[in-house]
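Now for the letters of each chain:
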Amino acid sequence: MKTHDTTIVLFLTVLISFLGCRGNKSAEEVKYLIGVAAADMREPWHLVLIDEMKKEAENHAEIRLIYTDAASDAEKQIEDIRKLVEYGIDLLIVSPCDAAKLMKPISDVYKVLPVIILDKLIDGFDYTLFIGPDNLKIGTLAGSAVQKLLYETGVVDRKNNRVLEIAGGADSAVAQKRHEGFLHIIPSGITVDTVSIESESRDAVEDLLLERPDLLENTAVIFAHNDNMALGAWKAVNGLGYSGIKIAGIDGFRNTEGALELLKKGVLDVDITCPTGGKDAVRRALDILKKQSGIPKQIILRSYTIDLSNVDDYESKRYRPPVITDRPIRVAHAQIGAEGGWRKANKISIEEAAKQFNIRLFALEAGATQDSQIEIVKEFINSKVDIILLSPMVETGWDKILGECKAAHIPVILSDRRIIGADENLYLSFIGADFHEEGRKAMKWIADNVHRSADIGEPIKILEIRGTEGATPTIERKKGFEEVLAETSGYMIVHSLAGNYTYNGSYEAVMKYFTSADAAKIDVVFCHNDDMALAAADALEKLGFQSGKDIKLVSVDGVKAALDAVQAGRINCVVECNPLFGTQLMKVVGDYFKGEDMPLRIITDEIVFTENTDKNLFKNRKY
């Protein structure tokens, strides 16, 4: 700490007097100092965030929080972070007011300290943990709620189907995501007029609408991007004497003039919750500082749609009491059959974590079909287990069996693979990798490292070896890979072959392709997992190629055999898909029975392995 710096001394004086961060904690009790760089404490959302953090910190004598307030000024927040680091904090929590401008300062801090990011996710992965909502999902929930107000209540005149969307600042990534999700749901034929408000305040919205009453002409619903703006809209609507205009907001707080009170008073007609993650940030910070195992990379918080019909039910479920039992929790895992080293490591991780948490684990492997896995889930329902872990073989077709679980009051957690189409209220949470980002990372490495001489003019040709058809990793990895491919000129997938995540499937596919009459000259083979990549390397060498040299090889997983192949030069790049998230699974199980709210998704921490990766990261691989 630079004690000679007068600016720092003044800064600390303000901090200590500002929020009384010392409390009753003695210097001997406090082991960790956590700096909190807030974006704007004038905003209700951030006030709730800080309040949640303060209340949770009171439960932990070994930590002390100190706060700064950027007042929505990115340059000030950068300076705040610098001062917090110089003060000697052990961990930084930051809610960026501008994710793009804060990316480098956060990255610089991450090189020397753990960093937790809240609310707005920065590009790249130079942070320890992100905790925040899915703003695209919030937008889609709002779209569905507004559509219901327009077409299902029978109150709104369908001829007046205009929607006024009052969004955050035009440059706000959060506002853009919410707007995108909203428009994705709203059907054609409904006019949506969007107005951006830089200050995102109640007074700004009220002043705007009083000055521009034309914005309310023929408007059936106002959708505001936060509850404060929604309240400003309501005041303007009533001040101008309009009636029948429905109002939807986002935030869902239960404080004075928060959404829950506004719904009960009839100010709001519907609201989408946007949790702050403040309490979880403090808890996770302590886990990180104590070097606990199983820290994820991202925790995506769940949002809910609430209105007058379910607000009381929401409150009772949101703050439900813990489940007290005098026996171990019984957890049943509907697993996928053998898929190589990754799946084996994942199963061992879950088994070891269950023992650590004193949880009784029942596990059964499915056969080759989805029906066999559904039968396993039915068997677990009949056995009246406490909770079910499901690693779905494919993405769709789970609605009916998940409905049966819900009817039996048995919660379900998705492990490793997601499902689509089903109501998200049918399961508690998803824990696993971001398969979409894994595909993006794979193609980014190719774009950065595989090039052709400019005078040749021929594109880099890629052979893709896919995983099991219909499986989430297959769909998402391919989607992410092709997303970056579309943004990058000079590269093309010439063929995509099925390898089904098995060594034999990939070996046969590669051998058959390269010995066929119409085989093109291939520059890169991209495999959806390591077992298929190792098979591809063996097949290429059997055919006379030097794997990793004549033809580049890129894979996903990070099993030991593949990392050995990276060090040997046979595989060029392995995007990690970490299977060791058993601790996270069992922690979520425990949190559920303690009455904690469940996140929507927990994404595991993963890196990219190449010949340039720190050699220490290759050592002591458990899978």
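Rules and cut-offs
Residues numbered from 1 in each chain as written. Predicted model: local features only at pLDDT ≥ 70, side-chain atom pairs only at ≥ 80, totals over all residues. Heavy atoms only, no water. Salt bridge = Lys/Arg side-chain N within 4 Å of Asp/Glu carboxyl O. Helix = DSSP H or I, 4+ residues; strand = E, 2+ residues; numbered from the N terminus. Buried < 20%, exposed > 50% of the residue type's maximum accessible area, 1.4 Å probe, protein only. Expected span 1.5 Å × (residues − 1). Core = buried A, V, L, I, M, F, W, Y, C linked by side-chain atoms within 4.5 Å. Contact = heavy atoms within 4.5 Å. Axes fitted to C-alpha atoms, helices over the stretch in contact; angles between N-to-C directions. Parallel < 35°, antiparallel > 145°, perpendicular 65-115°, else oblique. Left-handed = near helix turned anticlockwise from the far one by under 90°. Phe/Tyr/Trp six-rings, centres within 6.5 Å; stacked < 30°, edge-to-face > 60°. Pairing = 2+ DSSP bridges. Right-handed = clockwise from strand over helix to strand, strands pointing away. Polar contact = N/O pair within 3.5 Å; in protein donor to acceptor, adjacent residues only side chain to side chain.

Undergrad: Sorry if this is basic, but what is going on with the pattern of salt bridges here?
TA: Pairs can form between side chains of opposite charge once their charged atoms are near each other. Taken as a whole, this structure holds 41 salt bridges when the rule is applied. Here Lys-264 ties to Asp-312 by a salt bridge, and the two come within 3.8 Å at their closest N and O atoms. With a gap of 48 residues between them, Lys-264 in helix 9 (residues 259–265) and Asp-312 in helix 11 (residues 311–318) connect regions that are remote in the sequence. On the basis of relative accessibility, which here comes to 37%, the residue Lys-264 falls in the partly exposed class. A relative accessible area of 54% means that Asp-312 is categorised as exposed. Residue Arg-327 is joined to Asp-386 by a salt bridge in which the shortest nitrogen-to-oxygen separation is 2.8 Å. On the criterion of sequence distance, the pair formed by Arg-327 in the loop between helix 11 and strand 13 (330–335) and Asp-386 in the loop between helix 13 (370–382) and strand 15 (387–390) is long-range, its members being 59 residues apart.

Undergrad: Can you help me understand helix 15 (residues 435–449) in this one?
TA: Because each turn of an α-helix spans 3.6 residues, side chains separated by three or four positions end up pointing in the same direction. Over its 15 residues, helix 15 extends 21 Å from the first C-alpha to the last, a length consistent with the 21 Å expected when each residue adds 1.5 Å. Within helix 15, 12 of the 15 residues are buried, which leaves it mostly tucked inside the rest of the structure. When we look at burial in helix 15, the residues that qualify are Phe-435, His-436, Glu-437, Glu-438, Gly-439, Arg-440, Lys-441, Ala-442, Met-443, Trp-445, Ile-446 and Ala-447.

Undergrad: What should I look at first to understand the nonpolar core in this one?
TA: Side chains of nonpolar character tend, in soluble globular proteins, to be buried together. Within the largest apolar cluster, 120 residues are counted, with the highest numbers of intra-cluster contacts made by Ile-93, Ile-446 and Val-525. If sequence neighbours within four positions are ignored, Ile-446 has contacts with Ile-462, Phe-481, Tyr-491, Val-524 and Val-554. Formed by 28 residues, the second largest nonpolar core is a distinct cluster that contains Ala-224, Ala-259, Leu-262 and Val-311.

Undergrad: Any chance you could explain the packing of helix 12 (residues 341–356) against helix 20 (residues 582–593) here in plain terms?
TA: The relative placement of two packed helices comes down to the angle between their axes together with the axis-to-axis distance. Relative orientation of the contacting elements helix 12 and helix 20 amounts to 45°, with a least axis distance of 7 Å. In terms of their interaxial angle, helix 12 and helix 20 are classed as oblique. As for how helix 12 packs across helix 20, the hand of that crossing is right-handed. In contact with Ser-349, Ile-350, Ala-353, Ala-354 and Gln-356 of helix 12, helix 20 contributes Gly-582, Thr-583, Leu-585 and Met-586.

Undergrad: Sorry if this is basic, but what is going on with helix 20 here?
TA: Helix length check: helix 20, at 12 residues, gives a terminal C-alpha distance of 17 Å against a target of 16 Å (1.5 Å per residue), a fit within 8%. Most of helix 20 sits out of view: 11 of its 12 residues are buried. Among all positions in helix 20, only Gly-582, Thr-583, Gln-584, Leu-585, Met-586, Val-588, Val-589, Gly-590, Asp-591, Tyr-592 and Phe-593 are buried. Immediately beyond the C-terminal end of helix 20, within one or two residues, lies Gly-595, with a positive phi of roughly 90°.

Undergrad: Explain the packing of aromatic side chains to me, please; I cannot follow it from the model alone.
TA: One pair of aromatic rings is described through two measures. These are the centre distance and the angle between the planes. In the structure shown here, the tally under the stated rule is nine aromatic pairs. Here Phe-481 and Phe-526 contribute two aromatic rings whose centre-to-centre distance is 4.2 Å and whose plane-to-plane angle is 5°, an arrangement assigned as stacked. Linking Phe-481 in helix 16 (residues 472–486) with Phe-526 in strand 20 (residues 524–527), this pair joins segments that are 45 residues apart in sequence. The two residues Phe-481 and Phe-526 agree in class, both being buried.

Undergrad: Explanation requested: the sheet that holds strand 6 (residues 162–167) in the structure shown.
TA: Through backbone hydrogen bonds, the strands of a sheet pair up, either in parallel or in antiparallel fashion. Pairing is mixed across the open sheet formed by six strands, whose spatial order is 7-6-8-9-10-12. Here the strands that pair on one side only, and so sit at the sheet edges, are strand 7 (192–196) and strand 12 (305–307). Adjacent strand axes in the sheet meet at a mean angle of 20°, parallel and antiparallel pairs treated alike. Sheet topology note: the strand 9 (residues 246–251)/strand 10 (residues 270–273) ladder contains four bridges and is parallel. Bridge pairing in strand 10 places Ala-248 opposite Val-270. Each of strand 6, strand 8 (219–224), strand 9 and strand 10 is contacted by helix 8 (residues 227–239), which is oriented at about 160° to strand 9, the strand it contacts most.

Undergrad: For this particular structure, what's the right way to read the side chain of Ser-506?
TA: Secondary-structure assignment places Ser-506 in helix 17 (residues 503–514). Leave out the neighbours within four places in its chain, and Ser-506 touches Ile-465, Gly-499, Met-532, Ala-535 and Ala-536.

Undergrad: It is not clear to me how the pairing of strand 2 (residues 63–69) should be interpreted in this structure. Could you clarify?
TA: One face of the sheet, then the other: side chains in a regular strand alternate in exactly this way. Most of strand 2 sits out of view: six of its seven residues are buried. Here seven bridges tie strand 1 (residues 32–38) to strand 2, and the two strands are oriented parallel to one another. Residue pairing in the sheet places Val-36 in a bridge with Tyr-67 of strand 2. For the crossover that starts at strand 1, traverses helix 2 (residues 44–57) and ends in the parallel strand 2, the hand is right-handed.

Undergrad: What is the right way to look at the sheet that holds strand 21 (residues 552–557) in this model?
TA: Pairing in this open sheet of six strands is mixed, and the strands run 19-18-20-21-22-24 from one edge to the other. The open sheet has two edge strands with one neighbour each: strand 19 (491–498) and strand 24 (608–609). Relative to strand 21, strand 20 runs parallel, the two sharing three bridges. Within strand 21, the position partnered with Phe-526 by the bridge is Val-554.

Undergrad: Hey, could you run me through the side chain of Asn-226 in this one?
TA: As for its position among the elements, Asn-226 is in the loop between strand 8 and helix 8. A polar side-chain atom of Asn-226 sits 2.6 Å from the main-chain amide nitrogen of Met-229. Sequence-distant contacts of Asn-226, that is, excluding residues within four places in its chain, are made with Glu-200, Ile-250 and Asp-251.

Undergrad: Sorry if this is basic, but what is going on with the environment of Ser-547 here?
TA: Structurally, Ser-547 can be placed in the loop between helix 18 (530–542) and strand 21. Ser-547 gets classed as buried once you look at its relative accessible area, which sits at 5%. Residues Ser-547 and Val-574, 27 residues apart in the sequence, show an inter-C-alpha distance of 14 Å. Here Ser-547 is in contact with Ala-537, Leu-540, Glu-541, Leu-553, Gly-569 and Arg-570, once residues within four sequence places are set aside. At 2.7 Å, the side chain of Ser-547 and the backbone oxygen of Arg-570 are in polar contact.

Undergrad: How should the environment of Gly-480 be read in this particular structure?
TA: For Gly-480, the location among the structural elements is in helix 16. A residue is classified by how much of its surface remains accessible, and Gly-480, at 0% relative accessible area, is buried. Remark: the alpha-carbon pair of Gly-480 and Gly-499, spanning 19 residues in sequence, is separated by 18 Å. The residues contacting Gly-480, other than those within four sequence positions of it, are His-436, Gly-439 and Arg-440.

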